[in-house]
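Next come the chains, spelled out residue by residue.
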Amino acid sequence: MPAETTPQIAVIGLGVFGMALVKTLAKEGANVIAIDKDMNRLNEIKDITSNAISFDSTDSEQLKSHGITQADIAVIAIGEDFEPVVLISMELINAGVPQVYARANSATQEQILTKIGVTEIIHPERQVAEKMGVSLHRKGIEDLLELEEGLTVMEMDVPESMTNHTLQELNLRKRYGINVLIIKRPDDEQPDEDAETRYRPLGIPDGETRLEKGDKFIILGKKEDSQKMIDIN
């Protein structure tokens, strides 16, 4: 069986959003190409990715010559002007790039990008605001994956009242309709006390798994049921 190849991801435009995306992708070991006309922005990431190119990405010939039309995924993160976003999107879609993500700043821009066939529209500010609104309202809960029929995979802090109890004692499925998929525990071998806490998964939990202070759940259920569980506990 042939080995899987890492998809090539092109990020066009290194503003705040594009820069953060490139740094995250590079940190995760992704095969990322960073594109921007501003050499100063490219110099900022030269230590994290060697695949950084300066050219006018609205030029169709340069998109081809630099191999961007051969990418598996393209993210057009330009936020200042909308016309380049449309031009680049159309070039990449017409060239057969399988997934093209593009940034929009208004409902009209979103409609235009949808019409030309963009895979998904990016609204960085809106998406950050929505996520922040959820986290402020449902403190300690982070949505990981939306499923059908109102089900969501969520990560949440284990309520303090549940610590020192086993999953069998808590009976979360019967009481709240919550299924515990994974339990994460703070890593005892934390290299730096001031660093962000690292967690290790405990494996597949069973009824005898006992919760400890500082644990996190990854759970499957409905948002309203998870909120009910937090409110009660």
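Residues numbered from 1 in each chain as written. Predicted model: local features only at pLDDT ≥ 70, side-chain atom pairs only at ≥ 80, totals over all residues. Heavy atoms only, no water.

- An unreviewed UniProt entry annotates the protein chain as RCK C-terminal domain-containing protein of Rhodohalobacter mucosus.

### A closer look at the environment of Gln111
Thinking step 1. For Gln111, the position within the fold is in helix H5 (residues 107-116).
Thinking step 2. Taking C-alpha positions, Gln111 is 9.5 Å from Ile121, a pair spaced 10 residues apart along the chain. (Helix = DSSP H or I, 4+ residues; strand = E, 2+ residues; numbered from the N terminus.)

### Overview of the sheet that holds strand S2 (residues 31-35)
Thinking step 1. The strand order across the open sheet built from 6 strands is S3-S2-S1-S4-S5-S6, with neighbouring strands paired in parallel fashion. Edge strands, defined here as strands with exactly one partner in the open sheet, are strand S3 (52-53) and strand S6 (120-122).
Thinking step 2. Relative to S3, S2 runs parallel, the two sharing 2 bridges. What sits directly across from Ile35, in S3, is Ile53.
Thinking step 3. Against the sheet, helix H1 (residues 16-27) makes contact with strand S1 (8-12), S2, strand S4 (73-76), strand S5 (99-103) and S6, and its axis sits at roughly 160° relative to S1, the strand it touches most.
Thinking step 4. Here helix H4 (residues 83-95) sits on the sheet in contact with S1, S4 and S5, set at roughly 175° to S5. (Pairing = 2+ DSSP bridges. Contact = heavy atoms within 4.5 Å. Axes fitted to C-alpha atoms, helices over the stretch in contact; angles between N-to-C directions.)

### Re the pattern of salt bridges
Pairing is possible between side chains of opposite charge, provided their charged atoms come close.
Thinking step 1. Across all of its chains, the model carries 7 salt bridges by this definition.
Thinking step 2. Residues Glu155 and Lys184 are paired through a salt bridge, measuring 2.8 Å at the closest nitrogen-oxygen approach. Here the residue Glu155 occupies a position in strand S8 (residues 151-157), and Lys184 occupies one in strand S9 (residues 179-186), the gap between them amounting to 29 residues. The residues Glu155 and Lys184 share a single accessibility class, namely buried.
Thinking step 3. Close ionic contact of Asp157 with Lys216 constitutes a salt bridge, the shortest N to O distance being 2.6 Å. Of this pair, Asp157 sits in strand S8 while Lys216 sits in strand S11 (residues 216-222), placing them 59 residues apart in sequence.
Thinking step 4. The network of salt bridges with common partners includes Arg185, Glu212 and Asp215. (Salt bridge = Lys/Arg side-chain N within 4 Å of Asp/Glu carboxyl O. Buried < 20%, exposed > 50% of the residue type's maximum accessible area, 1.4 Å probe, protein only.)

### Things to note about helix H9 (residues 223-232)
Counting along an α-helix, one turn takes 3.6 residues, and residues three or four places apart therefore face a common direction.
Thinking step 1. Among all positions in H9, only Ser226, Gln227 and Met229 are buried. Looking straight down H9, one finds that the buried residues subtend no more than 155° of arc, so they occupy a single side. Projecting away from the buried face of H9 at angles above 90 degrees are the exposed residues Glu224, Asp231 and Ile232. (Arc of directions from axis to C-beta.)

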